[in-house]
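Understanding the architecture of this molecule
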Amino acid sequence: SAVISQKPSRDICQRGTSLTIQCQVDSQVTMMFWYRQQPGQSLTLIATANQGSEATYESGFVIDKFPISRPNLTFSTLTVSNMSPEDSSIYLCSVVRGDTQYFGPGTRLTVL
Amino acid sequence: TQLLEQSPQFLSIQEGENLTVYCNSSSVFSSLQWYRQEPGEGPVLLVTVVTGGEVKKLKRLTFQFGDARKDSSLHITAAQPGDTGLYLCAGGRGSNYKLTFGKGTLLTVNP
C-alpha cells in the first residue's frame, strides 16, 4: 500500500488568489497524479507530475492555471492560480505502486 | 472522450437488502476498477477486473466485467450500514495508469 498525506485538508479562499496544495508519499514513487473532483462530477485527471521534468497536462488544463512541482520522488505540489468559484472542488493526488493506484485524502477547496 | 455512465446515481436501502450498481461505456477498456470513497477520504480500490466475463468476489461484494469489456456491475448481498459510501468505477487503457472515472453511485444503507 501507500500512505499519502495532503495539506491543507480544506481551505476557503477569495476569488483571484492562489492556493498551493501539497502531497507527500511515504516512499518513493515514479508516477504521481493530480485529480479534481467537482460536486456531482467524476474525478478528472488534471496532470501527471513527473520528477525532473515538466508535468503532463490533460486536455482542458494548462500550466498557467495549475502549475505543478515535483522536486523529488516523494513530494509534489499543485497550485490553483487566480481562483474563481468554479474552482471549488476536491483536489486529490494519487500514486501508482505495483498495479494499484492509491489516493490521498483530498483537499476540499471553496472559492468565494 | 471516453465516458463511463454509472447507475443509479443515488441509492438508499435498508440493512439486509441486496443491490446492484452498473457501470457502462461505449468504449472498450483494458481494465475496470471499482473504488469506494467515504466523506473526507480519497477513493480506496476494491477490485480490478481485466478479463471479459471475469467475476470477482470480495466477501459480500461481487464484481463482474462484461464480455466485451465495456461494462461492469457491482452486486452487494445483505448490505450493511458500513457499506455506505460513494462507489466509483474507473476504466483503464494501456499501461499508463490514466483512469477514466464514472460519476459514482452514492449508496446509503439505513440500519
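For the structure, see preceding data.
These figures come from a predicted structure and were not determined experimentally.

**Some thoughts on the overall build of chain B**
If you tally the helices and strands in chain B, you get 0 helices and 11 strands. The globule rule puts the C-alpha radius of gyration for 111 residues at 13 Å, and the 13 Å found for chain B is close to it. Seen along its three principal axes, the alpha-carbon backbone of chain B occupies a region of about 40 × 30 × 20 Å. A burial count over chain B gives 41% of its 111 residues as buried.

**Considerations on the overall build of chain A**
The number of helices and strands found in chain A is 0 helices and 11 strands. Order of helices (α) and strands (β) in chain A, N terminus to C terminus: β-β-β-β-β-β-β-β-β-β-β. Taken against the 2.2 N^0.38 rule, which gives 13 Å for 112 residues, the C-alpha radius of gyration of chain A at 13 Å falls within 12% of a compact globule. In terms of principal-axis extent, the alpha carbons of chain A reach across some 40 × 25 × 20 Å. At a minimum sequence separation of 6, the contacts of chain A that also span at least 24 residues come to 54%. For chain A, the computed accessible surface area is about 5,200 Å², with 48% contributed by carbon and sulfur atoms.

**Here we look at the interface of chain B and chain A**
In many analyses, interface size is given as the accessible surface area lost on bringing the parts together. Tallying the contact residues gives 16 residues for chain B and 20 residues for chain A. At the boundary of chain B with chain A, total buried surface from both sides reaches about 1,400 Å², with 56% on carbon and sulfur atoms. For chain B, the biggest contributors to the area lost against chain A are Tyr97(B), Lys98(B) and Phe101(B); these three give 40% of the whole. Seen at the junction of chain B and chain A, the total is 1 salt bridge. When the shortest N-O distance is used, the salt bridge between Lys98(B) and Glu58(A) registers 2.9 Å.

**Looking at the packing of aromatic side chains**
Counting across every chain of the model gives 7 aromatic pairs over all chains. With a centroid separation of 5.6 Å and 45 degrees between ring planes, the pair formed by Tyr35(B) and Phe101(B) is classed as tilted. In this pair, Tyr35(B) sits in strand S4 (residues 31-37) while Phe101(B) sits in strand S10 (residues 99-101), placing the two residues 66 residues apart along the sequence. Each member of the pair, Tyr35(B) together with Phe101(B), is buried. Ring pairing ties together the aromatic residues Tyr35(A), Phe103(A), Tyr35(B) and Phe101(B), which thus form one cluster.

**A look at unusual backbone geometry**
Leaving glycine aside, a negative phi is the common case for residues, and trans is the common case for peptide bonds. Look at the link from Lys7(A) to Pro8(A): it is a cis peptide, with omega at -10 degrees. Inspection of the secondary structure assignment puts Pro8(A) in the loop between strand S1 (4-7) and strand S2 (10-13). The backbone phi angle of Asn82(A) is positive, close to 45 degrees, even though this residue is not glycine. Within the fold, Asn82(A) resides in the loop between strand S8 (75-80) and strand S9 (89-97). Residue class for Asn82(A) comes out exposed when judged on its relative accessible area of 54%. Phi is positive for Lys59(B), close to 55 degrees, though the residue is something other than glycine.

**A word on the environment of Cys23(A)**
All names here are of chain A. Following the sequence through the fold, Cys23 ends up in strand S3 (residues 19-25). Put simply, Cys23 and Met83 are 60 residues apart on the chain and 20 Å apart in space, counted from C-alpha to C-alpha. Not counting the four nearest positions on each side in its chain, Cys23 is found in contact with Ile4, Ser5, Met32, Trp34, Thr74, Phe75, Ser76 and Cys93.

**A look at the sheet that holds strand S8 (residues 71-76) of chain B**
Residues and elements named next belong to chain B. Spatially, S1-S3-S8-S7-S6 is the arrangement adopted by the 5 strands of the open sheet, whose pairing is antiparallel. Single-partner strands in this sheet number two, and they are strand S1 (5-7) and strand S6 (55-58). Direction aside, neighbouring strands of the sheet carry axes that sit 15 degrees apart on average.

Rules behind the numbers
Residues numbered from 1 in each chain as written. Chains lettered and ligands numbered in written order. Predicted model: local features only at pLDDT ≥ 70, side-chain atom pairs only at ≥ 80, totals over all residues. Heavy atoms only, no water. Helix = DSSP H or I, 4+ residues; strand = E, 2+ residues; numbered from the N terminus. Rg over C-alpha atoms; globule rule 2.2 N^0.38 Å. Buried < 20%, exposed > 50% of the residue type's maximum accessible area, 1.4 Å probe, protein only. Contact = heavy atoms within 4.5 Å. Areas by Shrake-Rupley, 256 points an atom, 1.4 Å probe, with all protein chains shown as cover. Buried area = accessible area lost by both parts, 1.4 Å probe. Salt bridge = Lys/Arg side-chain N within 4 Å of Asp/Glu carboxyl O. Phe/Tyr/Trp six-rings, centres within 6.5 Å; stacked < 30°, edge-to-face > 60°. Pairing = 2+ DSSP bridges. Axes fitted to C-alpha atoms, helices over the stretch in contact; angles between N-to-C directions.

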